[in-house]
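Structural overview for review
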Amino acid sequence: MTSVIIDCDPGLDDAIAILLAIKHLNVVGITTVSGNESIEKVTTNALKVLELGGATHIPVVRGSDRPLKRDPVYAPHFHGESGMGGADLPAPTKVPLEGHAVEFIIEVGMSASDLVLISIGPLTNIATALRKEPRLRERVKLISMMGGSVTNGNVTPAAEFNVYHDAEAADIVFRAKIPIFMAGLNLTGQVLVGQKEIGVIRTINNGAAQVVADLLNFYVTASERLGARGASLHDPCAVMAVIEPDMIEFESMHVVVETSGDHTYGMTVCDRRAGALGRRKDERSNSVWDEIDDQLSRPKQANVEVGVSIDRERFFFFLVETLQRY
Ligand code: BDR
Ligand code: CA
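Described below are features of the structure shown in this document. Note on numbering: residues in each chain are counted from 1, in written sequence order. To label them, take the chains in the order written and letter them from A, then take the ligands in the order written and number them from 1. Local features are withheld for residues below a pLDDT of 70 in this predicted model, meaning they are given only at 70 or higher, and side-chain atom pairs are given and counted only at 80 or more; totals for whole chains, interfaces and linings count all residues. With hydrogens and water stripped out, all remaining heavy atoms of the structure feed into the side-chain values.

Focus: helix 11 (residues 207-225)
The condition that has to hold: Secondary structure counts use DSSP, requiring at least four H or I residues in a row for a helix and at least two E residues in a row for a strand, with both numbered from the N terminus. The length a helix should cover is 1.5 Å for every residue beyond the first. Here's how the labels work: a residue is buried when its accessible area is under 20% of the maximum for its type, exposed when over 50%, partly exposed in between, all with a 1.4 Å probe on protein chains only. Here a polar contact is recorded for every N or O atom pair within 3.5 Å, except that within protein the pair must consist of a potential hydrogen donor and a potential acceptor, and residues adjacent in sequence are included only if both atoms are side-chain atoms.
Look at helix 11: 27 Å from first C-alpha to last across 19 residues, which is about the 27 Å you get at 1.5 Å a residue. All buried positions along helix 11 are accounted for by Ala208, Ala209, Val211, Val212, Ala213, Leu215, Leu216, Tyr219, Val220, Ala222 and Ser223. With a side-chain oxygen positioned 3.2 Å from the backbone nitrogen of Ala208, the residue opening helix 11 is Asn206. Trailing helix 11 by a residue or two, Gly227 shows a phi angle of about 100°, which is positive.

Digging into the layout of surface pockets
As a reminder, the rule being used: We place a 1 Å grid over just the protein atoms. Points where a 1.4 Å probe fits but has no way out form a cavity, open points with protein on both sides within 12 Å along at least 5 of 7 lines form a pocket, and any residue with an atom within 4 Å of a point lines it. Grid points are joined across faces, edges and corners, and a volume is the space filled by probe spheres set on the points. Gly counts as polar in this scheme, as do all residues outside two lists: the nonpolar Ala, Val, Leu, Ile, Met, Phe, Trp, Tyr, Cys and Pro, and the charged Asp, Glu, Lys and Arg.
Volume-wise, the largest pocket comes out at about 700 Å³. Broken down by secondary-structure element, the contributors of at least two residues to the lining of the largest pocket are helix 1 (12-21), helix 3 (76-79), helix 7 (161-165), helix 9 (185-188), helix 11, strand 8 (231-232) and helix 12 (234-243). Lining the second largest pocket are Asp171, Phe174, Arg175, Ala176, Lys177, Ile178, Ile180, His254, Val255, Val256, Val257 and Asn303. Contributing elements (two or more residues each) for the lining of the second largest pocket: helix 8 (167-174) and strand 9 (248-257). Element by element, the count of residues in the lining of the second largest pocket is highest for strand 9, at four residues. Here the residues of the lining of the second largest pocket are counted per class, giving seven nonpolar, two polar and three charged.

A look at the packing of helix 1 against helix 2 (residues 39-52)
For any two helices packed against each other, one specifies the crossing angle of their axes together with the interaxial distance. Heads up, the condition is: Angles run from 0 to 180 degrees between N-to-C directions of axes, and those axes are lines fitted to C-alpha atoms, restricted for helices to the stretch in contact. An angle below 35 degrees is read as roughly parallel, one above 145 as roughly antiparallel, one from 65 to 115 as roughly perpendicular, and any other as oblique. Crossing handedness: left-handed means the near helix sits turned counterclockwise from the far one by under a right angle, and right-handed means the same turn made clockwise. Contacts are assigned to residue pairs with any non-hydrogen atoms lying within 4.5 Å of each other.
Contact geometry of helix 1 with helix 2 gives a least axis separation of 10 Å together with a crossing angle of 40°. Classed by the angle they form, the pair helix 1 and helix 2 counts as oblique. Read as a crossing pair, helix 1 and helix 2 show a hand that is right-handed. Mapping the contact onto sequence places Ala15, Ile18 and Leu19 in helix 1 and Val49, Leu50 and Leu52 in helix 2. Its residues assigned to classes, the contact of helix 1 with helix 2 shows six nonpolar, no polar and no charged.

Examining helix 2
Over its 14 residues, helix 2 extends 20 Å from the first C-alpha to the last, a length consistent with the 20 Å expected when each residue adds 1.5 Å. Here helix 2 has its buried residues at Ile39, Val42, Thr43, Asn45, Ala46, Leu47, Lys48, Val49 and Leu50. Following helix 2 by one or two positions, Gly54 has its phi on the positive side, about 65°.

Description of the site of ligand 1
Under the convention used in this document: Here a residue is considered near a molecule or strand provided that any single heavy atom belonging to it is located within 4 Å of it. Per-residue and other accessible areas follow the Shrake-Rupley method at a 1.4 Å probe size, with only the shown protein chains counted as cover for residues. By definition, a pocket or cavity contains a molecule when more than half of the molecule's atoms lie within 2 Å of the pocket's grid points.
Around ligand 1, a shell composed of Asp13, Asp14, Asn36, His79, Ile120, Met146, Asn154, Glu160, Phe161, Asn162, His234 and Asp235 is seen. One nitrogen or oxygen atom from the side chain of His79 is found 2.9 Å from an oxygen atom belonging to ligand 1. A distance of 2.4 Å is found between an oxygen atom of ligand 1 and a side-chain nitrogen or oxygen belonging to Glu160. Considering ligand 1 on its own, with 280 Å² of exposed area, one finds that the protein chains cover 96% of that surface. A majority-of-atoms criterion places ligand 1 in the largest pocket. Elements represented by at least two residues in the shell around ligand 1 include exactly helix 1, helix 7 and helix 12. Looking at the shell around ligand 1 residue by residue, the class counts come to three nonpolar, five polar and four charged.

A few points about the pairing of strand 6 (residues 180-183)
For a regular strand, the rule is simple: side chains alternate between the two faces of the sheet. The line we're drawing: Here the rule is simple: two strands pair whenever DSSP picks up at least two bridges between them.
What you see with strand 6 is no split at all: Ile180 and Met182 on one side and Phe181 and Ala183 on the other are buried throughout. Looking at chain direction, strand 5 (residues 140-146) and strand 6 are connected through four bridges and run parallel. Within strand 6, the position partnered with Ile143 by the bridge is Ile180. Bridging between strand 6 and strand 11 (residues 304-310) involves two bridges; their strand directions are parallel. Bridging across to strand 11, Met182 finds its partner in Val306.

Below you can see the structure in the form of structure tokens.
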């Protein structure tokens, strides 16, 4: 069975993503990265979520405490000061595994031939692992990430939080020539939840579902305060792309990360021009580009499968069914 590592920064939606993943995938480890909150907080939260989900056999490995080049920017306005706003989970009884997340990713990646990395936080750990052990590029079967956007950003008009937090790391990962599924804001914004959905989850009579309802309540309130019409289930989308990929429609695109723009730092620049190499087969036509001078930035070979639409009803139904299994 394919081995999966979840690299995360819990985080309300990370917590829901973990609860979704551990019921369906062979999760061999949870690695943490500074993002929504400090590395101490997100690591404690990962341990708490696994205890809530009855999955303490899965190791938690603490990772990078800051981005490659910049200072961390946390997100307490969305996730609360603890990173798990709305839920008061007991202190974990387990401790993280000895060692660093980067070493763990390398070790698992080099011993399993089909590692899938689900990245739902900044890409610092994964980029560092790829730098330290370039052979990982051939070993990792897939990176399914929540990050970036084809359209607007959320931290800035152009940039999504996970990529913005460490754009230099994201740049390394997007260039690594590893197959990537990208669940960006353009996709995750299609899975909005509000009080109606929370009401449905409240009727599920177990501890995990009740905590998910509490987390979502906090998340929806925070999102609405910032002008959204509900909360987007960002991170669970990257998990769903591995469990049920046919729930999502993907488009192949060439994607690069902006690491220098004053207004666009952290933007994922997605090439959707007609004729871009690697887009849907029926749309591939390079004849025009063959005639145009290279200076016109000819479309490049696609490096990412970008999620463009998702079956929201099916997604929510699947989440509810999963929560019923706790
Ligand atoms: C991403 O940023 C974080 O705040 C969420 O957990 C998610 O991974 C959304 O932009
Ligand atoms: Ca996250």
